[in-house]
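# Geometric and topological summary
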Amino acid sequence: MTSDAEKIEAFEDYLAGGSAVEEWYDSLPASKCYGWDKFREAFKMRWPPIQCAVKTTRDYEKELLELELAEDSISTIKMKSRVQAWMHVIWVEEALSLTKLAKIEKSSVLIWQVRERLLEVVRDLLDEEHLDWEYFTVAVKTLSTVKLKEGRVKMEKKKRDEEVMERRVRASIADITGHMQCTTILQTTTQCTPQPVNTISSTGTCFATQQQQHQWVYNPLELVTEAQKEALCRIINHYEHHLQTAAGQQAHQAQVAQWFMQHGEQTRITESTPYPLMPGMVSICSGKCFKCGTHGHGSKDCPVPPRDMARLNGKEGAWHAICNRILGPYNRNNMTEIRLIVLDEGNGNGSS
């Protein structure tokens with residue numbers, strides 16, 4: 001097949017049936033089929049060749065900086081060009097190839113940047129200074145595989161130890177956080193002036209609340225971020241805290257109904273789901289018990305038994321605990337303290 005006509009005729013044999021190229025070929029004027037050069041010119045006019053992308057020196061340098069020797073590849077073997085080779089040797093070949101494409105193999109350009117990105121176990125076995133890339137890559141290529149294996153073992157042990165320590169720290173923080181949700185952490189100096197007693201109806205033993213004026217000094221234990229505090233401050237007064245009146249009770253019931261309609265019964269209380277406060281009870285973040293909502297004792301020592309009517313709703317108690325943990329009892333100096341009074345069921349005398 002030497003003549004132009006034979007070449008053009010053979011070209012048709014490579015066309016897919018019904019393709020755009022076949023349609024173009026069938027509609028080609030006869031004048032375009034007399035010579036191979038004219039035929040090629042017509043073809044390129046219809047389908048201009050796509051210009052290949054050409055990488056610049058900067059592109060190759062960027063690839064060189066991004067070339068990594070992974071941690072799990074140290075002292076391991078991989079097939080490369082049908083030959084088994086150490087991974088650090090394969091890395092060397094790829095790095096050297098990029099330096100040649102970037103035309104920096106005879107210089108020390110980017111050596112220290114690439115060296116700093118190598119794993120510590122590799123850097124420790126290399127010299128500090130390198131004349132050029134050929135010298136540097138030879139140094140990496142000839143590293144002792146025995147020392148690399150030893151270094152990897154030490155590196156993995158260090159990583160395991162760090163993970164164990166991190167788990168212990170997280171567990172400790174979780175324990176402290178859980179404890180803070182149940183305990184009011186504060187230092188107090190008190191001067192109490194008894195006020196009239198308000199009785200809270202309950203089953204079994206009777207309980208009452210007594211208001212007392214206090215001056216408190218709070219020493220917070222920081223376990224939260226400023227962002228958490230700011231976010232909570234923005235929503236802490238989402239629900240108005242009503243007075244202990246018929247209207248207040250009615251408004252509170254409407255708030256609770258709205259909360260359950262919005263969040264559902266199974267939703268757990270978090271710092272982003274504020275819960276309505278019981279009318280007439282203590283203010284938020286005032287250092288009260290999270291179970292009964294009064295002062296003078298912590299949640300662990302609350303004398304009100306479970307399921308007693310004097311107990312706070314579980315969700316309200318959780319909301320008090322979360323706010324106190326994040327913001328601390330900042331309302332201690334701005335409120336009237338409410339104490340729980342245990343009334344003797346027989347004669348009505350109280351004992352605190």
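Residues numbered from 1 in each chain as written. Predicted model: local features only at pLDDT ≥ 70, side-chain atom pairs only at ≥ 80, totals over all residues. Heavy atoms only, no water.

Labelled according to an unreviewed UniProt entry, the protein appears under the name CCHC-type domain-containing protein, originating from Scleroderma citrinum Foug A.

### Focus on the overall build of the protein
The helix and strand tally for the protein stands at 12 helices and eight strands. Of all 352 residues assigned to the protein, the portion counted as buried reaches 35%. Long-range pairs, those at least 24 residues apart, make up 64% of the contacts in the protein with a sequence separation of at least 6. Counting every atom, the protein has about 22400 Å² of accessible surface; 51% of that belongs to carbon and sulfur. (Helix = DSSP H or I, 4+ residues; strand = E, 2+ residues; numbered from the N terminus. Buried < 20%, exposed > 50% of the residue type's maximum accessible area, 1.4 Å probe, protein only. Contact = heavy atoms within 4.5 Å. Areas by Shrake-Rupley, 256 points an atom, 1.4 Å probe, with all protein chains shown as cover.)

### A look at the packing of helix α10 (residues 226-235) against helix α12 (residues 314-327)
Running from amino to carboxyl end, α10 crosses α12 at an angle of 135°, the nearest separation of the two axes being 9 Å. Relative to α12, the element α10 is oriented oblique. Considering how the two elements wind past one another, α10 and α12 form a crossing that is left-handed. Residues Gln228, Lys229, Leu232 and Cys233 of α10 form the contact with α12, whose participating residues are Trp319, Ile322, Cys323, Ile326 and Leu327. Per-class residue counts for the contact of α10 with α12 are seven nonpolar, one polar and one charged. (Axes fitted to C-alpha atoms, helices over the stretch in contact; angles between N-to-C directions. Parallel < 35°, antiparallel > 145°, perpendicular 65-115°, else oblique. Left-handed = near helix turned anticlockwise from the far one by under 90°. Nonpolar A, V, L, I, M, F, W, Y, C, P; charged D, E, K, R; others polar.)

### A closer look at the packing of aromatic side chains
With the rule as written, the count across this model stands at 13 aromatic pairs. Ring geometry for Phe11 against Phe43: centres 5.9 Å apart, planes inclined by 75°, an arrangement best described as edge-to-face. Taken together, the residues Phe11 in helix α1 (residues 4-12) and Phe43 in helix α3 (residues 36-46) connect sequence positions 32 residues apart. Taking relative accessible area as the criterion, Phe43 reaches 27% and is therefore assigned partly exposed. Ring centres of Trp259 and Tyr275 lie 5.3 Å apart, and the angle between their planes is 70°; this geometry places the pair in the edge-to-face category. Residue Trp259 is located in helix α11 (residues 246-263), and its partner Tyr275 is located in the loop between α11 and α12; the two are separated by 16 residues in the primary sequence. Each member of the pair, Trp259 as well as Tyr275, is classed as buried. Chaining the aromatic ring pairs together yields one cluster made of Phe11, Trp24, Tyr25, Trp36, Phe39, Phe43 and Trp47. The ring centre of Trp47 lies 4.3 Å from the NZ or CZ of Arg46, which sits over that ring. (Phe/Tyr/Trp six-rings, centres within 6.5 Å; stacked < 30°, edge-to-face > 60°. Lys NZ or Arg CZ within 6 Å of the ring centre and 35° of its normal.)

### Comments concerning the side chain of Gln255
With respect to the element layout, Gln255 can be found in helix α11. Other than its neighbours up to four places away in sequence, Gln255 contacts Tyr239, Glu240, His242 and Pro276.

### Brief notes about a nonpolar patch on the surface
There is a patch of nonpolar side chains on the surface, built from Met165, Val169 and Ile173 and spanning about 260 Å² of accessible area. You can see Val169 is positioned in helix α9 (residues 145-182). Note on Val169: relative accessible area 41%, which makes it partly exposed. (Patch = residues over 30% accessible without salt bridge, like charges linked within 9 Å, V, L, I, M, F, W, Y side chains within 5 Å. Salt bridge = Lys/Arg side-chain N within 4 Å of Asp/Glu carboxyl O.)

### Observations concerning the pairing of strand β2 (residues 83-86)
Bridging between strand β1 (residues 77-80) and β2 involves four bridges; their strand directions are antiparallel. Opposite Lys80, over in β2, you have Val83 as the bridge partner. Linking β1 back to β2 in an antiparallel pair, the connection comprises two residues, with Ser81 at a positive phi of about 55°. (Pairing = 2+ DSSP bridges.)

### Points about the nonpolar core
Counting 25 residues, the largest nonpolar core has Leu64, Trp91, Val122, Trp133 and Phe136 as the members making the most contacts within it. Going through the elements one at a time, α4 (57-66), α5 (87-101), α6 (111-117), α7 (120-123), α8 (133-141) and α9 are the ones with two or more residues in this core. Top element by residues in this core is α5. It accounts for four residues. In this view, Leu64 contacts Ala95, Leu98, Thr99, Ile104, Leu110, Val114 and Trp133; residues no more than four positions away in its chain are not counted. (Core = buried A, V, L, I, M, F, W, Y, C linked by side-chain atoms within 4.5 Å.)

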